[in-house]
Amino acid sequence: MGAAGAGKSTVGVALARAFGIRFVEGDEYHSAAAITKMRAGVPLTDADRQPWLAALHTIIAAAVGRREHLIVACSALHERYRQQLRGDLRGVRFVYLKASEATLRHRLAARRGHFAGPALVTSQLAALEEPADAVIVDATRPVAEIVAAVGREFGL
């Protein structure tokens, strides 16, 4: 979890490859209307996010039901969003990729072909409720170091 540009997809794919765990790109579950808003730099509302969060919760619940490890890249900026993703499922944990505003802006300005641009950084950081129960990782560390640290934390 983390703001746009934190490296959720990059780290998620690297974790999946390193540990043979299925990766789900949360961005793929946004509605077309939500993507249009974000592409225009318009922050999503709670109502915009509800179907997206529900879809991701369903995916997570199915994996838990199969006793399958799963990595989901998802902003999960608010505690209530994380609660919705987790629901009453045991064993669901979050890794927070923490990055400064400058880092996020720099990464998003350099990123091509993605709907989330630098215009979203201010609203995402304003909305962010830093998690009390997540593994917190400095998102500026090299991906291999992040993967190793998360692997150690989760016993992978």
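For the structure, see preceding data.
Here is a short report on the structure shown in this document. (Residues numbered from 1 in each chain as written. Predicted model: local features only at pLDDT ≥ 70, side-chain atom pairs only at ≥ 80, totals over all residues. Heavy atoms only, no water.)

**So, the environment of D138**
Heads up, the rule is: Only DSSP runs of H or I with at least four residues qualify as helices, and only runs of E with at least two residues qualify as strands; both kinds are numbered from the N terminus onward. Should any heavy atoms of two residues lie within 4.5 Å, those residues are counted as being in contact. Any pair of N or O atoms that falls within 3.5 Å is considered a polar contact. Within protein, one atom must be able to donate a hydrogen and the other to accept it, and sequence-neighbouring residues count only if both atoms are side-chain atoms.
Along the chain, the position of D138 falls in strand β4 (residues 135–138). Residues D138 and A63, 75 residues apart in the sequence, show an inter-C-alpha distance of 27 Å. Once residues within four sequence positions are removed from consideration, D138 is found in contact with K98 and I146. Of note is the side chain of D138, whose polar atom sits 2.6 Å from the side chain of T140.

**Concerning the nonpolar core**
Note the cut-off: Residues enter a nonpolar core if they are buried and are Ala, Val, Leu, Ile, Met, Phe, Trp, Tyr or Cys, with the set joined through side-chain atoms within 4.5 Å. Partly exposed describes any residue whose relative accessible area lies between the buried limit of under 20% and the exposed limit of over 50%, with all areas from a 1.4 Å probe on protein chains only and scaled to the type maximum.
The biggest cluster of nonpolar side chains holds 20 residues, and the ones touching the most others in it are L15, V95, L97, L104, V137, I146 and V150. For this core, the secondary structure elements donating two or more residues are α1 (8–19), β3 (95–98), α5 (101–110), β4 and α7 (143–154). In contact with V95, not counting residues within four places along its chain, are M1, V135, V137, V150 and F154. In terms of nonpolar packing, the next biggest core, distinct from the first, is built from 18 residues, L56, I59, A76 and A134 among them.

**Considering helix α3 (residues 46–65)**
Cut-off, in case you're wondering: Multiplying 1.5 Å by the residue count of a helix minus one yields the expected span of that helix.
Its 20 residues give α3 an end-to-end C-alpha distance of 27 Å, which sits within 8% of 28 Å, the value for a rise of 1.5 Å per residue. Restricting attention to buried positions, one finds in α3 the residues R49, W52, L53, L56, I59, I60 and A63. Backbone geometry just after α3 places R67 at a positive phi near 60 degrees.

**Describing the environment of L156**
Looking at the secondary structure, you find L156 in the segment after α7. Not counting residues within four places of it along the chain, the set of residues in contact with L156 comprises F19, I21 and G151.

**As for the pattern of salt bridges**
As a reminder, the rule being used: A side-chain nitrogen of Lys or Arg and a carboxyl oxygen of Asp or Glu constitute a salt bridge if their distance falls within 4 Å.
Summed over all chains, the structure comprises ten salt bridges. Between R86 and D133 there is a salt bridge, and its shortest N-O distance comes to 3.3 Å. Taken together, the residues span a long stretch of sequence, with R86 in helix α4 (residues 79–86) and D133 in the loop between α6 (121–127) and β4 at a distance of 47 residues. Where salt bridges share partners, they join R22, R66 and E68 into one cluster.

**A word on the packing of α3 against α4**
Convention followed: Here, axes are lines fitted to C-alpha atoms. For helices the fit covers the stretch in contact, and angles between N-to-C directions go from 0 to 180 degrees. Amino acids are sorted into nonpolar (Ala, Val, Leu, Ile, Met, Phe, Trp, Tyr, Cys and Pro), charged (Asp, Glu, Lys and Arg) and polar (every other residue, Gly among them).
Where α3 meets α4, the closest approach of the two axes is 8 Å, and the angle between their N-to-C directions is 35 degrees. Contacts from D46, R49, Q50, L53, A54, L56, H57 and I60 in α3 reach R80, Y81, Q84, L85 and R86 in α4. Split by residue class, the contact of α3 with α4 holds six nonpolar, three polar and four charged.

**Notes on the pairing of β4**
Selection criterion: Pairing between two strands requires that DSSP report at least two bridges joining them.
Side chains V135 and V137 of β4 all project onto a buried face; the interleaved residues I136 and D138 project onto a face where none is buried. The sheet contact formed by β3 and β4 spans four bridges and is parallel. Note on β4: the bridge partner recorded for L97 is V137.

**Overview of the layout of surface pockets**
Condition: Lining residues are defined by having an atom within 4 Å of a point belonging to a cavity or pocket. Those points lie on a 1 Å grid over the protein atoms alone, cavities being sets where a 1.4 Å probe fits but cannot get out and pockets being open sets with protein on both sides within 12 Å along at least five of seven lines. Grid points are joined across faces, edges and corners, and a volume is the space filled by probe spheres set on the points.
One number sums up the size of the largest pocket: a volume of about 790 Å³. As for the largest pocket, its lining consists of 30 residues, and the residues nearest its centre are L70, I71, V72, R93 and F154. The set of elements that each furnish at least two residues to the lining of the largest pocket consists of α1, α3, β2 (70–73), β3 and α7. Here the residues of the lining of the largest pocket are counted per class, giving 22 nonpolar, three polar and five charged.

These figures come from the coordinates and say nothing about function on their own.
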